Structures are given as structure tokens and as C-alpha cells.
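This is what each chain is made of:
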Amino acid sequence: MNKKSIIYVPYYAVDTYQNCQQKWKYIFRDNMKTEAEPSLFEHMVFSDTLSECFLCKIRYGQDPDIDMVMKTMQKYLKDREDNLQVNWSRYNRVESYDRIEIALNIYMEKVFEQVEPVEINPPWAIKIGDYKVGGRVNLKLANGVYLNYSIGSKATAQSSLDKDEKVTAIAAGLGVPFRFVKHVSVLKSKPDVDHKFTTRTWEQVNLWIQKTKKVLKQMETGITYPNIGSWLCDEDKCPFWETCRFDLENEL
Ligand code: SF4
């Protein structure tokens with residue numbers, strides 16, 4: 001008897017498909033490579049650096065000093081510059097490096113000491129039909145709460161976090177009761193770290209599973225439509241803008 005194999009789908013693919021099917025096609029079916037936006041570069045270097053610092057805390061029971069944090073940041077600046085093709089055409093590289101440094105400094109100063117991690121980047125996954133949808137969360141804490149950190153220009157609104165589908169997906173993968181904290185190193189005139197807490201119920205998780213089941217079925221058809229009305233459908237926000245315009249004009 002032929003046993004059907006389970007196909008792994010990263011949550012990022014589900015999210016991309018929901019935002020724009022055409023974009024999903026370019027990334028996941030056509031394997032098109034694009035330049036990375038500086039905001040993604042900043043987020044990655046910030047996360048890489050903090051993950052290594054938290055790993056040091058778990059392994060050696062002590063917080064790294066700021067010199068060590070900066071050295072770690074330098075290592076990841078180089079790694080990510082070497083491995084990502086960052087699009088610096090509209091941004092200043094030095095200003096971007098500065099933003100990461102400020103975000104790390106404020107996080108180390110205000111938050112790091114109080115965070116008690118037990119696991120770095122734990123995976124989560126949930127089987128939905130013939131698929132397994134999954135991803136990773138930044139930290140699991142000693143009190144059972146899960147935590148994601150990021151860098152941004154504004155604090156997360158509580159109402160957005162309470163409805164954030166990515167958080168619901170993580171809850172589906174890790175199980176309810178689910179407690180989640182989001183930290184954002186906010187870069188404004190006076191940098192600060194925004195903390196927000198949220199939870200999810202089984203009802204919310206089940207609704208997300210039903211919705212995702214439909215999305216996965218739709219993906220199977222291979223038929224994709226551009227989402228031209230989306231706020232992300234913009235020359236500055238979508239790296240496939242030119243390809244997409246060409247394809248639409250030529251009805252490809
Ligand atoms: S340009 Fe717009 S429609 Fe085309 S892939 Fe990007 S977001 Fe989708």
C-alpha cells in the first residue's frame with residue numbers, strides 16, 4: 001500500500017500566499033531570487049545577535065557584556081552581507097548598521113537581564129491534511145511563555161498582536177494554553193523596548209486550522225492571481241514589481 005508522504009510547508013509560504021498568490025508563485029514555484037530589503041537585513045542581524053547572546057546565557061548562566069554583544073553583531077553583519085544580496089540603492093548602509101547597534105544597546109540595557117530563556121529557536125509544526133505547516137519561535141522561557149523579538153520603528157498595537165495570524169499559527173503548533181510575548185526594540189527619537197503579551201484559545205486555533213486547510217487546497221490548484229490592491233503591491237515594497245508588471249502586460 002502506498003503511504004502518502006506529508007509535505008512540509010513553511011508558515012512563511014502560507015503567509016505569502018495569503019498576501020499575494022503571484023508573489024508566492026515567484027518565490028516558491030519559480031524559485032526566483034531577489035535582493036533583500038535593508039529592513040529584513042536589520043531584523044536578521046538583530047535576531048542572530050540576540051539568539052547567540054541568549055544561548056550564552058543558557059550555556060554559561062551569565063549575560064554577555066556590551067563589548068561581546070557588539071563583536072557578535074559585527075560577525076553577523078558580515079555573515080548576512082556575504083549571504084544576502086541587500087538592496088542598498090535607497091538606503092544608507094552605515095545608518096542601517098547604526099540602527100541595529102542602537103536596537104541591541106537598548107534591548108541589552110532594558111530587557112535582556114530579566115529574560116530567562118530555556119530554549120533558543122524552538123520549532124513548531126502542525127499537521128493539516130497531507131501537509132505539515134511549521135516554523136520557529138525565537139525563545140521559550142523558563143515560565144513556559146514563548147517570545148519573539150524584533151526591531152521596528154513603532155510599537156505593536158495590542159489589537160494587532162491579538163489578531164496576528166502568525167501568533168495563532170505558533171499556538172496551533174505548540175498547543176493551548178499558549179502565552180506569548182513580543183518585544184520590539186523601537187527606534188524613534190527616544191529608543192525603547194515595547195513589550196506586549198497575548199494568548200490564544202482553542203477556538204481561535206481551530207478557526208485558523210480550518211482557514212489554512214482551505215489555503216493549502218487552493219495552493220494545490222497551482223492557479224495564482226496577483227493581489228494588485230494590496231498595500232504591499234508597491235514598487236518599493238514588492239521585489240517582483242518589474243517582473244510582475246511584465247507578466248501582467250503580457251498575460252503570463
Ligand atoms: S507586484 Fe503586486 S501583484 Fe505582483 S507579485 Fe508583487 S504584490 Fe503581487
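Refer to the structure presented above.
In this convention, every chain numbers its residues from 1, walking through the sequence in written order. The predicted nature of this model means local features are confined to residues of pLDDT at least 70 and side-chain atom pairs, given and counted, to a pLDDT of 80 or more, with totals for whole chains, interfaces and linings taken over all residues.

### Here we look at the site of the ligand
And step 1. Residues are counted as near a molecule or strand when the C-beta atom, derived from backbone positions, lies within 6 Å of that molecule or strand. Close to the ligand lie 13 residues, the nearest being C20, P226, C233, C238 and C244.
And step 2. Numbered from the N terminus, helices here are DSSP runs of H or I no shorter than four residues, and strands are runs of E no shorter than two. At the level of elements, α2 (21-29) and α9 (241-249) are the ones that each hand at least two residues to the shell around the ligand.
And step 3. Taken together, the residues that form the shell around the ligand break down as 9 nonpolar, 3 polar and 1 charged. The classification used treats Ala, Val, Leu, Ile, Met, Phe, Trp, Tyr, Cys and Pro as nonpolar, Asp, Glu, Lys and Arg as charged, and all other residues, Gly among them, as polar.

### Observations regarding the pairing of strand β7 (residues 178-186)
And step 1. A strand pair is defined by DSSP finding two or more bridges across the two strands. Where strand β6 (residues 146-152) meets β7, 7 bridges bridge the pair, whose relative direction is parallel. The residue of β7 that forms the bridge with Y149 is H183.
And step 2. Judged from the 9 bridges that link them, β7 and strand β8 (residues 192-200) form a sheet pairing that is antiparallel. By the bridge assignment for β8, H183 is matched with H195.
And step 3. Adjacent in sequence and paired antiparallel, β7 and β8 are bridged by 5 residues.

### Some words on the sheet that holds β7
And step 1. Here we have 5 strands laid out as an open sheet, ordered β2-β5-β6-β7-β8, and mixed in their pairing. Edge strands, defined here as strands with exactly one partner in the open sheet, are β2 (117-120) and β8. Averaged over all pairs of adjacent strands, the angle between their axes in this sheet comes to 30°, without regard to strand direction. Every axis in this analysis is a line fitted to C-alpha atoms, fitted for helices over the stretch in contact. Angles between the N-to-C directions lie between 0 and 180 degrees.

### Considerations on the sheet that holds strand β1 (residues 7-10)
And step 1. Reading across from one edge, β1-β4-β3 is the order of the 3 strands in this open sheet, with mixed pairing throughout. The sheet terminates laterally at β1 and β3 (123-128), the two strands that pair on one side only. Averaged over all pairs of adjacent strands, the angle between strand axes in this sheet comes to 30°, irrespective of strand direction.
And step 2. Examined bridge by bridge, β1 and strand β4 (residues 131-136) share 4 bridges and lie parallel to one another. In the sheet register, P10 faces β4, and the bridge partner there is G134.
And step 3. Each of β1, β3 and β4 touches helix α8 (residues 202-221); the most contacted strand, β3, lies at about 70° to it. Contact definition: two residues whose C-beta atoms, as placed from backbone geometry, lie within 7 Å.

### Details of the pairing of β6
And step 1. Pairing geometry for strand β5 (residues 139-141) and β6, over 2 bridges, is antiparallel. Its bridge partner lying in β6, K140 is registered against Y146.
And step 2. With antiparallel pairing between neighbouring strands as the criterion, β5 and β6 make up a hairpin whose turn holds 4 residues, including G144 at a positive phi of roughly 85°.

### Some words on the packing of helix α1 (residues 11-19) against α2
And step 1. Orientation of α1 relative to α2, taken along the N-to-C sense of each, is 140°, at an axis distance of 5 Å. Classified by the interaxial angle, the pair formed by α1 and α2 is oblique. Residues A13, T16, Y17 and N19 of α1 touch α2, and the partners they reach there are Q21, K23, W24, I27 and F28. Here the word oblique covers every angle except those under 35 degrees (roughly parallel), over 145 (roughly antiparallel) and from 65 to 115 (roughly perpendicular).

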